[in-house]
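# Fold and geometry: a report
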Protein chains: 4
Amino acid sequence: MIIVMSNNATEEQIEGVLNKIKDKGLEGSVSKGTEKTVIGAIGDERLLDHELLESLPGVEQAMRIVKPYKIVSREWRKDDTVIDISGHLIGGDNIQIISGPCSVETPEQMAKSAKAVKDAGVKLMRGGAFKPRTSPYSFQGTGFDGLDMFRKAADKEGLPIVTELLDVRHLDKFLEQKVDVIQIGTRSMQNFELLREVGKLKVPVILKRGMSATISEWLMAAEYIAAGGNHNIIFCERGIRTFETYYRNVLDVTAIPVLKKETHLPVIIDPSHSGGKAWMVAALSRAGIAAGADGLLVEMHPNPCDAWCDADQAINPDELKSLMTELTAIAKILGRTISI
Amino acid sequence: MIIVMSNNATEEQIEGVLNKIKDKGLEGSVSKGTEKTVIGAIGDERLLDHELLESLPGVEQAMRIVKPYKIVSREWRKDDTVIDISGHLIGGDNIQIISGPCSVETPEQMAKSAKAVKDAGVKLMRGGAFKPRTSPYSFQGTGFDGLDMFRKAADKEGLPIVTELLDVRHLDKFLEQKVDVIQIGTRSMQNFELLREVGKLKVPVILKRGMSATISEWLMAAEYIAAGGNHNIIFCERGIRTFETYYRNVLDVTAIPVLKKETHLPVIIDPSHSGGKAWMVAALSRAGIAAGADGLLVEMHPNPCDAWCDADQAINPDELKSLMTELTAIAKILGRTISI
Amino acid sequence: MIIVMSNNATEEQIEGVLNKIKDKGLEGSVSKGTEKTVIGAIGDERLLDHELLESLPGVEQAMRIVKPYKIVSREWRKDDTVIDISGHLIGGDNIQIISGPCSVETPEQMAKSAKAVKDAGVKLMRGGAFKPRTSPYSFQGTGFDGLDMFRKAADKEGLPIVTELLDVRHLDKFLEQKVDVIQIGTRSMQNFELLREVGKLKVPVILKRGMSATISEWLMAAEYIAAGGNHNIIFCERGIRTFETYYRNVLDVTAIPVLKKETHLPVIIDPSHSGGKAWMVAALSRAGIAAGADGLLVEMHPNPCDAWCDADQAINPDELKSLMTELTAIAKILGRTISI
Amino acid sequence: MIIVMSNNATEEQIEGVLNKIKDKGLEGSVSKGTEKTVIGAIGDERLLDHELLESLPGVEQAMRIVKPYKIVSREWRKDDTVIDISGHLIGGDNIQIISGPCSVETPEQMAKSAKAVKDAGVKLMRGGAFKPRTSPYSFQGTGFDGLDMFRKAADKEGLPIVTELLDVRHLDKFLEQKVDVIQIGTRSMQNFELLREVGKLKVPVILKRGMSATISEWLMAAEYIAAGGNHNIIFCERGIRTFETYYRNVLDVTAIPVLKKETHLPVIIDPSHSGGKAWMVAALSRAGIAAGADGLLVEMHPNPCDAWCDADQAINPDELKSLMTELTAIAKILGRTISI
């Protein structure tokens, strides 16, 4: 860490900072410039408390020079992590599309959805049994009954399932139903208790980016899971909150090359929740894959106009099929594979 | 709700919208303007699904005209709600300052803090036993031991306690320790499971605004608590996330008059987490009270340079005392009372 | 326009609103719902002042239902506008890459740059003679001398030139130097005097999006140019300002399909200024073209480490060449053409 | 400046950085930590190009340690600058309220406004003759005729005038009309040509913050004016753009203590444009003064419901009077004076 002293810092204040650094087992080195005195702390920077140092008298600024994340970082592991989702690979050269309805409604809807997913050549199915809704008066999901319908419909087509976990108390039932991928939603990205619990498992986890989470906070959230022992983490960019009101969120494609640089773990995007409109999905999906994403989490409904939730963002089975064709071609240009 | 059709919508599409409206028991009324056809839905708008309507063919936009929140709204209750916190009132003409350290560290630190709180004339004490931290490697709070230290130190000075609940599984212990006010932190504002649980109690709840939550989402989060039966809700503005990097968050003072208009419930501000620096606390506190806030949640540490967490944002006991003097004078100008 | 009255609006207040509507030559129609009274204004909504209506007693909200932009809108012109830039087409099926250095430095640098642009198969060249810089102490561009160097270097390779106009007083010299495309920078998007001046010309204009401009404001800025008679407008998305600090801006790819829907004019992206780092350029460029952009404005420097300005965001000639190959392949998948 | 090398930087790359530093006349000092090699550049950091250094091979990050602004900084001048506006002081202990209508409409409206301003005890009058409007089809101001009406009405009451300059070509007429304070609007904060021109004068300048300008960019914009020789600069916070849609902008009160720390120049706020609604003005005004602002720029209209522009944000003469009473009392608590 680099500690910049204010222009009128006294010798005593410099001494104070050096003592705090030594207390933590690091070494301090003072260098006086023409305008500022700067102290470098040599040793394991993670042992120092950035804010505590900034609160000391005479300190203007403390600057980190080491990344705060560790296990999830590219420095920890140079090669791409390839995750095996019940037989389907994601990461490295392997791109996976994950599709299905926003929420589980009825056995018929799920059967149709599963068939459409399979027919489009998609290997993994999504569906929400528990829905986090802004209003307490909105439909909150079909719950464990929905999870059961989902499992059955997916099993019939041989599809692994991806579903969102909202509450630590639901975890046992999720494991009982052999959920193949646990999704941590945008509102839960910093629900640290939840992260710690899924960190104890081996089940792959999709970690959605918080609505206004920085790249660094997102990586640190993943570090919570990784620190528990579960390294099967997939990042999912789902749009960030900005001043723009025309669309729900702004899909942050820049996050894709940045995460590929900072972490060895796979990165996918959600083109449905980001834009919030079905007619934007194809363009955003292509942009994501072209930018280097390892997959998509895309909503498809057998009959979008009848969906119980987020109806206007789901594409229909035919649109999913043509999307798969375009994406396969783009992947090929980048030397990657979408197996359909 | 008002549904605006696109310029080339067909008669059949207009019929389709009218049918969906009727399905929900509302009445539709079509009016054709010079450029657009507009459909008004008459009846209880909350029964309609905004997004479903927007997904129908020929629809350009669906616009809500009724507020989505109910129990927390000023229309539901015209007069200010005054909440009784173990004998101390907040709301109406009553302003309450809540102070104490960011985190509970040791019995000595808590004893000193409680004394300083009392000496400054502050009636309610804050302290964090469980700390939500960005990094899994940072200090995570002293947990239930900390809660116990807090209860004892506060009891000695006769101060009710305010502390953050992170995990539904902690609730029993919180009730056992007779926590006087449960704080829901910024990262949990949309942890709907947690909101539902505190909604079943009668204990007052401080609901912090999510880092990038809109006013409407915040009111809806409170509605989750209120819908469960607990109407003792205090909103706490704690700074929002913006592009500015000089300070941690931007304290949104405009939220104060806006909430006072939209809801009958008390509104306080957190001048410590918003700016993130002790030297900003007095200015932000004065701004909050001057804008009409019903109170403050302000960090004070007996020795800020030794704090274990967020050291640079806590003021010291002397600063708390002079702040109380200034705030009392400002409150008086507005015809309000801070009892010290 | 739809005017929603507040719950306790009086008959007199409703009358007041109706009078204001009639004053402007529109017709008002009152409809009373179960909770709200709503007034529809029938006629040319653009004649009404939205804010004035909202200021009237008893009015809760006034909602526009017609788009405020006209000439630039897709409703005004259904087909894609194809713009001819000194013989090179952009729009419709035609994609154009525009490349060159951030700033004009020396005749040698410009000669090398022009050659590299040509060699990569790029048809249009960019370069800044006047540079808007955050600091008055930074390099401000080589000015008219630079413009002259640029013209000469580009002429030698037969390349049309694109350069930024900062000051209305520079316009005559720009026309004298036969600048082929005038660029309006992000800081000038709402410099309405500048927009009006370029609106009087026929020279194509690249209108960069303001750093935090909404889609609607951006379209309205273009409307200023179009209203003057110049319909040769190209939108350029260059990243928006958000809370993220890892990268300079967030490239808003969602703006691409949205603009394609709202306007008939071409849309390009700037992958260099958005991310701010050369290593992100290829990924962002691919994302832009895959999302449907009509072109790129991409910085290339013959020797990036020696650039006088924005050094870390320019790619080198070899990188430009391989980028062109990838982009040509992606364009083909979408049924479009980059002629190289 | 501190340059952090990446983990696998070679000796040659370190040498490369040292050479660039030496080229600019500074001295480089290498220190090797346990994880990172760090290079300190000793000498005048402003001579180094931050981005150029970041573009060099092997460099991970370059961090500034000296503030980029100079003349406007508190380090350059310790004491508060007090500016004399045609006999009225602002800065130090002196608070000034500036009031008047959003736009100049008619001689009668201006006469009434000037009288109301004077009657409320306000010493300085605002009014817009040239209006920057989002739409080319909206009212654009009464122009030079309006400026003339403004001058006459203000002269009759002996009030100095504050008005916005949009175009460098208008400057001569502004000087002819003896405009007492030139306002640079939010959209022009980085119109560097305009800043340079007002930098050549001695007339006080109100520099509004750009809609999404950082504190640092804002200070640098002021530095453009100061570098030209005009040190009579007043900062005006007018709300920043965020994700919130309930109100137009978020008044950033934190900017007040921050600017007071960073610069010796006065800081005022605009409570009218920030919230955008008349009913928010009093609360925001009080918050601003309580946070330490040196004044307000507040819209007042003799008959808000008839205003031609921004009608819903102007308060009326009576509201201005009671506001003055409240503000005077708050100022007194802070040991400051509003002379009425």
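Residues numbered from 1 in each chain as written. Chains lettered and ligands numbered in written order. Predicted model: local features only at pLDDT ≥ 70, side-chain atom pairs only at ≥ 80, totals over all residues. Heavy atoms only, no water.

By the naming in an unreviewed UniProt entry, chain A is Phospho-2-dehydro-3-deoxyheptonate aldolase, taken from Methylophilales bacterium HTCC2181.

### Some details on the packing of aromatic side chains
Residue and element names in this part refer to chain B. Under the criterion given, the structure shown has 22 aromatic pairs over all chains. Between F192 and Y224, the ring centres sit 4.4 Å apart and the planes meet at 20 degrees, which makes this aromatic pair stacked. Residue F192 is found in helix α6 (residues 192-199), and its partner Y224 is found in helix α7 (residues 215-227); the two are separated by 32 residues along the sequence. Y224 sits in the buried class, given a relative accessible area of 3%. (Phe/Tyr/Trp six-rings, centres within 6.5 Å; stacked < 30°, edge-to-face > 60°. Helix = DSSP H or I, 4+ residues; strand = E, 2+ residues; numbered from the N terminus. Buried < 20%, exposed > 50% of the residue type's maximum accessible area, 1.4 Å probe, protein only.)

### Some thoughts on the pairing of strand β10 (residues 181-184) of chain C
Residues and elements named next belong to chain C. What you see with β10 is no split at all: V181 and Q183 on one side and I182 and I184 on the other are buried throughout. By the bridge criterion, 3 bridges tie strand β9 (residues 161-164) to β10 in an arrangement that is parallel. Along β10, the bridge assignment pairs V162 with V181. Across 3 bridges, β10 lies against strand β11 (residues 205-208) in parallel orientation. (Pairing = 2+ DSSP bridges.)

### Comments concerning the sheet that holds strand β3 (residues 37-42) of chain C
All names here are of chain C. Taking strand neighbours across the sheet as the criterion, the 4 strands line up as β2-β3-β1-β4 in an open arrangement whose pairing is antiparallel. At either margin of the open sheet sits one strand with a lone partner, and together these are β2 (27-32) and β4 (59-63). Looking at each pair of strands side by side, their axes are set apart by 20 degrees on average, direction ignored. Where β2 lies against β3, 6 bridges are found, and the strand directions are antiparallel. Bridging from a neighbouring strand, S29 pairs with G40 of β3. Its contacts with the sheet put helix α1 (residues 11-23) on β1 (2-5), β2, β3 and β4, and the angle it makes with β2 is roughly 150 degrees. (Axes fitted to C-alpha atoms, helices over the stretch in contact; angles between N-to-C directions. Contact = heavy atoms within 4.5 Å.)

### Some details on the relation of the copies chain C and chain B
For the match of chain C to chain B, the screw axis carries a shift of 0.0 Å, the RMSD comes to 0.0 Å, and the turn is 180 degrees. Such a turn and shift between the copies fits a two-fold axis. Closest to the rotation axis within chain C is the C-alpha of F243 of chain C, separated from it by 2.1 Å. When the interface residues of chain C are mapped onto chain B, 100% of them again lie at the interface, so the same face is used by both copies. (Least-squares fit on C-alpha atoms with pLDDT ≥ 70 in both.)

### Concerning the environment of G210 of chain D
Residue and element names in this part refer to chain D. Mapped onto the secondary structure, G210 falls in the loop between β11 (205-208) and α7 (215-227). Between the C-alpha atoms of G210 and N94, which are 116 residues apart in sequence, the distance is 25 Å. Look past the residues within four positions of G210 in its chain and what remains in contact with it is T186 and M189.

### Brief notes about the relation of the copies chain A and chain B
Each copy superposes on the other: chain A lies on chain B with an RMSD of 0.0 Å after a rotation of 180 degrees and an axial shift of 0.0 Å. Both copies present the same face, since 100% of the interface residues in chain A are matched by interface residues at the equivalent positions in chain B.

### Description of the state of the cysteines
The term disulfide refers to a covalent linkage connecting the sulfur atoms of a pair of cysteines. Residue and element names in this part refer to chain A. Taken as a whole, this structure holds 0 disulfides over all chains when the rule is applied. We note that C236 lacks a disulfide partner, and the nearest cysteine sulfur, in C102, lies 13 Å from it. Classification of C236 as buried rests on a relative accessible area of 0%. (Disulfide = S-S within 2.5 Å.)

### Here we look at the sheet that holds strand β2 (residues 27-32) of chain A
Residues and elements named next belong to chain A. Pairing is antiparallel in the open sheet, where 4 strands are placed in the order β2-β3-β1-β4. A strand with exactly one partner marks an edge of an open sheet, and here the two such strands are β2 and β4 (59-63). Geometrically, the sheet is characterised by an average inter-axis angle of 20 degrees between neighbouring strands, direction not taken into account. The sheet contact formed by strand β1 (residues 2-5) and strand β3 (residues 37-42) spans 3 bridges and is antiparallel. Bridge pairing in β3 links I3 to I39. The strands touched by helix α1 (residues 11-23) within the sheet are β1, β2, β3 and β4, with β2 carrying the most contacts at an inclination of about 150 degrees.

### Considering the packing of helix α6 (residues 192-199) of chain D against α7 of chain D
Residues and elements named next belong to chain D. Between α6 and α7, whose axes approach to 7 Å, the crossing angle comes to 40 degrees. One element, α6, and the other, α7, form an angle in the oblique class. Crossing of α6 against α7: the hand is right-handed. Across the interface between the two elements, F192, L195, R196, V198 and G199 from α6 touch A221, Y224 and I225 from α7. Taken together, the residues of the contact of α6 with α7 break down into 6 nonpolar, 1 polar and 1 charged. (Parallel < 35°, antiparallel > 145°, perpendicular 65-115°, else oblique. Left-handed = near helix turned anticlockwise from the far one by under 90°. Nonpolar A, V, L, I, M, F, W, Y, C, P; charged D, E, K, R; others polar.)

### Focus on the interface of chain A and chain B
Facing the 49 residues of chain A at the interface are 49 residues of chain B. Here chain A and chain B share an interface that buries about 3,900 Å² over both sides, 48% of which is from carbon and sulfur atoms. Among the residues of chain A in contact with chain B, E51, Y137 and C305 of chain A are the three that bury the most area, contributing 14% of the side total. Between chain A and chain B we count 8 salt bridges in total. With its nearest N and O atoms 2.5 Å apart, the salt bridge here joins K277 of chain A to E54 of chain B. For the interface between chain A and chain B, the tally reads 23 residue pairs in polar contact (both at pLDDT 80 or more). Among the residues forming the side of chain A that touches chain B, the class breakdown is 21 nonpolar, 8 polar and 20 charged. (Buried area = accessible area lost by both parts, 1.4 Å probe. Salt bridge = Lys/Arg side-chain N within 4 Å of Asp/Glu carboxyl O. Polar contact = N/O pair within 3.5 Å; in protein donor to acceptor, adjacent residues only side chain to side chain.)

### Quick word on the UniProt feature "domain: DAHP synthetase I/KDSA" (unreviewed entry) in chain A
Listed under "domain: DAHP synthetase I/KDSA" (unreviewed entry) in the UniProt record, and renumbered for this structure, are residues 83-328 of chain A. Span residues 83-328 of chain A is 38% helix and 17% strand, its end C-alpha atoms 20 Å apart. (UniProt positions renumbered as here; feature names shortened; annotations may be inferred.)

### Considerations on the nonpolar core
Most often, soluble globular proteins keep nonpolar side chains buried together rather than apart. In this structure, L207 of chain A, L207 of chain B together with L207 of chain D are the most contacted members of the largest nonpolar core, which totals 332 residues. Ignoring any residue separated from it by four or fewer positions in sequence, one finds L207 of chain B in contact with I184, M189, L195, W218, A221, A222, I225, I233, I234, F235 and C236 of chain B. (Core = buried A, V, L, I, M, F, W, Y, C linked by side-chain atoms within 4.5 Å.)

### A short note on the side chain of S103 of chain A
Residues and elements named next belong to chain A. Inspection of the secondary structure puts S103 in the loop between β7 (94-100) and α3 (107-119). Its relative accessible area of 1% is what places S103 among the buried residues. Setting aside chain neighbours within four positions, we find S103 in contact with Q109, G128, K131, F139 and C309.

### Examining helix α11 (residues 317-333) of chain B
All names here are of chain B. With 17 residues, α11 should reach 24 Å at 1.5 Å per residue; the first-to-last C-alpha distance of 25 Å fits that figure. Taken together, the buried positions of α11 are L320, L323, M324, L327, I330 and A331. The buried residues of α11 all sit within an arc of 135 degrees when viewed along its axis, so they share a single face. Along α11, exposed side chains directed more than 90 degrees from the buried face belong to D318, T325 and K332. Looking at where α11 begins, the residue whose side-chain oxygen comes 3.1 Å from the main-chain nitrogen of D318 is N316. (Expected span 1.5 Å × (residues − 1). Arc of directions from axis to C-beta.)

### Overview of the interface of chain C and chain B
Taken residue by residue, the interface counts 24 residues in chain C and 25 residues in chain B. Regarding the contact of chain C and chain B, the summed buried area is about 1,900 Å², with carbon and sulfur atoms giving 61% of it. Put simply, chain C and chain B have 2 salt bridges between them. Measuring nitrogen to oxygen at the nearest pair gives 3.8 Å for the salt bridge that ties K36 of chain C to E75 of chain B. Applying the counting criterion to the chain C and chain B interface returns 2 residue pairs in polar contact (both at pLDDT 80 or more). Among the secondary structure elements, those contributing two or more residues to the side of chain C that touches chain B are β1, β3 and β4 of chain C. Residue composition of the side of chain C that touches chain B, by class: 8 nonpolar, 6 polar and 10 charged.

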